[in-house]
Amino acid sequence: MKNNFIILIILVSISYSFSSCNTVKYVPKNKLLLTKNTIIVNGKKNSNNEITDYIVQRPNQLVLGIPFPLHFHNIGNKNFEIDFEKWKLNSPNWYNFTTGIFSEKQARGIRNFKYNTHQWFLKNGESPVVLDTKKATQTINNLTKHYYNEGFFKVNVTFEEKFLKNKKGAINYYVNTDKVYTIDSISTTIESEVLDSIYTLHAKESFLKKENPFKLSSFINEQNRLTKLFRNSGVYRFNKNAITFEADSSNYKSDINLIINDNISNVPFIIQKIKNINIYTDYTYNTKDEPIKDSINYKGYTFLAQKELKYNPKLLLNAIFIEPNTTYKDETRELTRKNLRGLKNFRSVDIKYTELENAMLEASIFLTPLKKYAIGFTTELTHSNIRQLGISGKLSFLNRNIFKGAEILKFSVQGSFLDSKDAADNESLLNAWEVGGDVSLELPRFLIPFKLTKIIPKSMSPKTTITIGTSLQKNIGLDKQKFTGIIDYTWKSSKNTNHSLEIFNSQFIKNLNNNSYFNIYKSEYTQLEIIQQQYFPNQILTQENAIDFIKNNINQNFQNTNPVEYQTAKNIESRYTIITEDVLVPSISYTFTFNNSKNYKDSDFSFFRARITSSGNLTTLLAKNRDANNVKTLFKTPIAQYLRTDLEYKKFWNISLENVIAFRSFLGVAIPYGNSSTIPFSRSYFIGGPNDLRAWKIYDLGPGSTQSGLEFNVGSLKFISSLEYRFKIINSIKGALFVDAGNIWDITNSSVTSPEAKFNGINALKDIAVGSGFGLRYDLSFILLRLDVGFKTYEPYLSKGNKWFSNYNFSKTVYNFGISYPF
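This one's a predicted model, so the numbers in the text were calculated from it and none came from an experiment.

Novice: Explain the overall build of the protein chain to me, using residue names and the numbers behind them.
Specialist: Helix and strand content of the protein chain: 17 helices and 32 strands. Here the C-alpha coordinates of the protein chain stretch approximately 105 × 90 × 60 Å along the principal axes. Taking all 823 residues of the protein chain together, the buried fraction comes to 44%. Intrachain contacts of the protein chain at a sequence separation of at least 6 include 64% that bridge at least 24 residues. On the protein chain, roughly 44,700 Å² of surface is accessible, and the fraction owed to carbon and sulfur atoms is 55%. In the protein chain, 101 positive and 73 negative side-chain charges are present, and the distance between their average locations comes to 2 Å.

Right, here's the structure in full:
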């Protein structure tokens, strides 16, 4: 309660300080601070954000209802120099006292520091928006034009200036649209028989429909549709300037006449075909006039080089969609350009057409290659849920076009210094390290013994990536060495949809430091110490002999007299076996991804990803050897067999300028079967951390309503959902308010798991933990630094009546430092 009271005092103090600031401090005399704009359309208040965008002058930005940037600006003193000189004249004694204590140079430095401080507030804050009737008139023009383009030809827009208290004002815009004009009839004047036949064949696709409103956007869309249609039907010379519309309007009805010229520059429109296709594989502008020394003709394509042909024509044609003796199409030109660039072998791709006799065209594709060999070194500041901070370096060697089919061979060596809570010395910064190397081969086609072109054509940009690698970790868990092999097929079925099929993804995980188990998992050793001290005081217990202690002393007789302690010790033994066991994970997985984001700056889009993974089916079928526990092994290593499904959905709404609502939901299920009774530790789910449930540290929560006190809590079922409001505070400083809800559960029916940790249907929903908080982000344009403060809002492991807000205070707060947004 004391901490909650302190939080309340701080919030009240901040609110009071802002409310006491004079928002009209720098509003000129006889002027008003604009505080609100209202658009009233046909007597009803407008709620359409698109209409609001036409307002030229907007009030100062609000942060949670407070004009924070304006208050920030008003802290500065525009008249500091004048006020300082007045102070010198009016308070000579104080001035002399100051210059007496400090030297003249020091006093001048203090004065300059104060001046620069005021200037910083003035520049980084937001100056007051003074109501300007000229800008209101511009808004009237914008609104009039908008509604006119929507078919309201008799629209009338006015504005009213409203005077409020304390030099503040607002503007009401009144829009009277009158009735909308609609399309009554559509006729065409198309003199070219070629164009008329194409138009007639696709007339039903027109954006112009009878009885529809007379919208300018409909005419622009129709013009673009027809231009695209004609150019993709072989009319190479056609452009949209050949299309015009005439309208005869009366009585809110319009008769439309679509007019398409039959020529351009007195040259009639005709359908043209491609006769020749020349591909210049080593073109550069500086050597463009040098003679061709090597060429080859393959299936109607002529490949040319000024030095030596270095690309296999058959393989390079996988990225070329322009074909000889076919009708010209804009879409094949763009598809060819996009896929050639996607090969990552060429610095530039240029496609030009030359008109020949008899309505034929010659296509010339100019390819400027990148250097065949490249060496790169990158450094990166990394961050994740598991690794709070890391500095990594990567040295890579690149060999392009290694098999003359635009393949890319890449060899990389990387190393990282990490901040790991797993390390025994978890107080030191960057207390762990990891080194590794991998070799990958990327092929711009499917590497399979049969054809799939009817199902996945080359227009879907099929790729095969083969990767093998290894890594070694120190002071991360039990110190692991990993060997990984992957064969991944990817393709893009549409602009927003990607697919990935990993037909082979095998990882061998070997623990190198099992002897440190109880040094890392100290809470489990503490529980054993309690049992030893209470029941076996004459036995010696150390971290090295802890498992032997369980095997020798925790037997059937001990269970009969101490069932609770027996179960505790056996759980520790089982958990030790699971975590320290080396494991082979041979999996097959498929990933579907939908993302309609236009670019990395887009803040209004949807994202969905589904991934299903099956591990161990084929390997266990072929394996013959078994270990002492009757588990099938390969190279004396148990084979993990499980099925795992992950579903993730994200949605972003851009509600206003730099104000975004972000939503994320994730559901993951992992089910062991056959050869496995548990999920490998590295494939299990955890919760908490800076990109997850931010009111709990990583691994600290779950499973279910348990409060085990263990260092690492994992489960086989995970659910998390987050809602976040992101807003701009001032310049590059941004803020966020968030709510996270989720937990992990066990669904493996493991004997190690308590009933409270298991998922038991709808009743388990009461175990969903809730965290809330706020965040500050500093946007450096190339990187975003983040601090999120999470408060435990609902804690499912507490007793009934104490689950809500019991630890909602700064003493239990989790501070999450991160890079980039949490999702």
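Novice: Talk me through a positive patch on the surface; I want residue IDs and the actual numbers.
Specialist: A grouping of Lys293, Lys307, Lys310 and Lys372 is seen on the molecular surface, where their side chains present a positively charged patch. Locating Lys372 in the fold gives a position in the loop between strand 14 (360-369) and strand 15 (373-382). A relative accessible area of 34% means that Lys372 is categorised as partly exposed.

Novice: Could you give an account of the pattern of salt bridges, with specific residues and numbers?
Specialist: Per the stated rule, a full pass over the model turns up 30 salt bridges. The partner of Arg694 in a salt bridge is Asp740, and the shortest N-O contact between them spans 2.9 Å. Linking Arg694 in the loop between strand 27 (659-672) and strand 28 (717-730) with Asp740 in strand 29 (residues 733-745), this pair joins segments that are 46 residues apart in sequence. The pair Arg694 / Asp740 is uniform in exposure class, with both members buried. A salt bridge links Glu724 to Arg777; its shortest N-O distance comes to 3.3 Å. On the criterion of sequence distance, the pair formed by Glu724 in strand 28 and Arg777 in strand 30 (residues 769-779) is long-range, its members being 53 residues apart. Side by side, Glu724 and Arg777 carry an identical accessibility label, which is buried. One network of salt bridges, with partners in common, ties together Arg694, Glu724, Arg726, Asp740, Arg777, Arg786 and Asp788.

Novice: Account for empty space enclosed by the protein, naming residues and giving values.
Specialist: Which parts of space are left empty comes out when a probe the size of a water molecule is rolled across the atoms. This structure, assessed with the given rule, holds one cavity of 30 Å³ or more. Taken as a whole, the largest cavity encloses approximately 40 Å³ of empty space.

Novice: So what's going on with helix 14 (residues 546-553)? Which residues, and what values?
Specialist: Because the α-helix completes a turn every 3.6 residues, residues three or four places apart line up on one side. Buried within helix 14 are the following residues: Ala546, Ile547, Phe549, Ile550 and Asn553. One side of helix 14 carries all its buried residues, which in axial view fall inside an arc of 160 degrees. More than 90 degrees from the buried face of helix 14, the exposed residues found are Lys551 and Asn552. For helix 14, the elements touching its buried residues are helix 12 (517-520), helix 13 (522-535), helix 15 (556-561) and helix 16 (563-580).

Novice: Tell me about the side chain of Glu407, residues and numbers included.
Specialist: When you line up the elements, Glu407 lands in the loop between strand 16 (389-400) and strand 17 (408-419). Residue Glu407 is classed as buried on the basis of its relative accessible area of 0%. A polar side-chain atom of Glu407 sits 3.4 Å from the main-chain amide nitrogen of Lys404. Looking at Glu407, its side chain comes within polar contact range of the side chain of Arg445, at 2.5 Å. Those residues within four positions of Glu407 in sequence are excluded, and the remaining contacts are Leu315, Asn345, Asn399, Arg400, Asn401, Ile402, Leu441, Glu442, Leu443, Pro444 and Arg445.

Novice: So what about the pairing of strand 26 (residues 642-656)? Which residues, and what values?
Specialist: Within a regular strand, side chains alternate between the sheet's two faces. The pairing of strand 23 (residues 606-615) with strand 26 spans ten bridges and is antiparallel. Bridging from a neighbouring strand, Ile612 pairs with Thr645 of strand 26.

Novice: Quick rundown of helix 13? Include the residues and the values.
Specialist: With 14 residues, helix 13 should cover 20 Å at 1.5 Å per step; its first-to-last C-alpha distance of 20 Å lies within 8% of that length. Where helix 13 is concerned, the buried positions are Ser523, Glu524, Tyr525, Leu528, Ile531 and Gln532. Buried residues along helix 13 sit against helix 12, helix 14, helix 15 and helix 16.

Novice: Break down unusual backbone geometry for me, with residues and values.
Specialist: A cis amide bond, omega -5 degrees, links Gly702 with the succeeding residue Pro703. Mapped onto the elements of the fold, Pro703 is located in the loop between strand 27 and strand 28. The backbone of Lys299 sits at a positive phi, close to 50 degrees, despite the residue not being glycine. One can find Lys299 in the loop between strand 11 (294-298) and strand 12 (301-305). Here Ser461, not a glycine, exhibits a phi torsion of approximately 55 degrees, which is positive. Take Ser461: it is sitting in the loop between strand 18 (432-443) and strand 19 (463-474). The class for Ser461 is partly exposed, based on a relative accessible area of 24%.

Novice: Tell me what's going on with the side chain of His146, and back it up with residues and numbers.
Specialist: Within the secondary structure layout, His146 lies in helix 7 (residues 133-149). Not counting residues up to four positions away in its chain, the partners in contact with His146 are Glu50, Ile51 and Tyr54.

Novice: Tell me about the packing of helix 8 (residues 193-201) against helix 9 (residues 216-231), residues and numbers included.
Specialist: With their axes 11 Å apart at the nearest point, helix 8 and helix 9 run at an angle of 115 degrees to one another. When the interaxial angle is binned, helix 8 and helix 9 end up roughly perpendicular. Judged by the sense of rotation from one axis to the other, the crossing of helix 8 with helix 9 is right-handed. Between helix 8 and helix 9, the contacting residues are Leu195, Ile198 and Tyr199 on the first element and Glu222, Arg225, Leu226, Leu229 and Phe230 on the second. Of the residues in the contact of helix 8 with helix 9, the class split is six nonpolar, no polar and two charged.

Novice: Explain the sheet that holds strand 11 residue by residue, including any values.
Specialist: Strand order in this open sheet of five strands is 11-12-10-14-13, and the pairing throughout is mixed. Here the strands that pair on one side only, and so sit at the sheet edges, are strand 11 and strand 13 (346-355). Along the sheet, successive strands turn relative to each other by an average axial angle of 20 degrees, direction set aside. As paired strands, strand 10 (residues 273-280) and strand 12 are joined by four bridges and run parallel to one another. Bridge pairing links Asn278 to Thr302 in strand 12. Lying over the sheet, helix 11 (residues 330-342) contacts strand 13 and strand 14, oriented at roughly 160 degrees with respect to strand 13.

Novice: Can you explain the sheet that holds strand 1 (residues 33-41)? Please cite residues and give values.
Specialist: Pairing in this open sheet of four strands is mixed, and the strands run 2-1-4-3 from one edge to the other. Strand pairing shows two members of the sheet lacking a second neighbour, strand 2 (44-45) and strand 3 (156-163), which therefore form its edges. In this sheet, strand 4 (residues 168-176) lies alongside strand 3 in antiparallel orientation, the contact comprising eight bridges. Pairing of Glu160 across the sheet is with Asn172, part of strand 4. Contacts from helix 7 reach strand 1, strand 3 and strand 4, with the element oriented near 150 degrees to strand 3.

Novice: Can you tell me about the packing of aromatic side chains, naming the residues and giving the values?
Specialist: In total, this model carries 46 aromatic pairs according to the counting rule given. With 6.0 Å between their ring centres and 85 degrees between their planes, Phe446 and Trp491 make a pair best called edge-to-face. On the criterion of sequence distance, the pair formed by Phe446 in the loop between strand 18 and strand 19 and Trp491 in strand 20 (residues 480-494) is long-range, its members being 45 residues apart. What makes Trp491 buried here is its relative accessible area of 14%. Aromatic pair Phe774 and Phe791: ring centres 6.2 Å apart, planes at 40 degrees, arrangement tilted. Here Phe774 is found in strand 30, whereas its partner Phe791 is found in strand 31 (residues 784-794), with 17 residues between them in sequence. Taking the relative accessible area as the measure of exposure, Phe774 reaches 35% and is therefore partly exposed.

Calculation criteria
Residues numbered from 1 in each chain as written. Predicted model: local features only at pLDDT ≥ 70, side-chain atom pairs only at ≥ 80, totals over all residues. Heavy atoms only, no water. Helix = DSSP H or I, 4+ residues; strand = E, 2+ residues; numbered from the N terminus. Buried < 20%, exposed > 50% of the residue type's maximum accessible area, 1.4 Å probe, protein only. Contact = heavy atoms within 4.5 Å. Areas by Shrake-Rupley, 256 points an atom, 1.4 Å probe, with all protein chains shown as cover. Lys, Arg positive; Asp, Glu negative; His and termini not counted. Charge placed at Lys NZ, Arg CZ, Asp CG, Glu CD. Patch = residues over 30% accessible without salt bridge, like charges linked within 9 Å, V, L, I, M, F, W, Y side chains within 5 Å. Salt bridge = Lys/Arg side-chain N within 4 Å of Asp/Glu carboxyl O. 1 Å grid on protein atoms, 1.4 Å probe; cavity = no way out; pocket = protein on both sides within 12 Å on 5 of 7 lines; lining within 4 Å. Points joined across faces, edges and corners; volume = space filled by probe spheres on them. Arc of directions from axis to C-beta. Polar contact = N/O pair within 3.5 Å; in protein donor to acceptor, adjacent residues only side chain to side chain. Pairing = 2+ DSSP bridges. Expected span 1.5 Å × (residues − 1). Axes fitted to C-alpha atoms, helices over the stretch in contact; angles between N-to-C directions. Parallel < 35°, antiparallel > 145°, perpendicular 65-115°, else oblique. Left-handed = near helix turned anticlockwise from the far one by under 90°. Nonpolar A, V, L, I, M, F, W, Y, C, P; charged D, E, K, R; others polar. Phe/Tyr/Trp six-rings, centres within 6.5 Å; stacked < 30°, edge-to-face > 60°.

Just distances and angles here, no functional claims.
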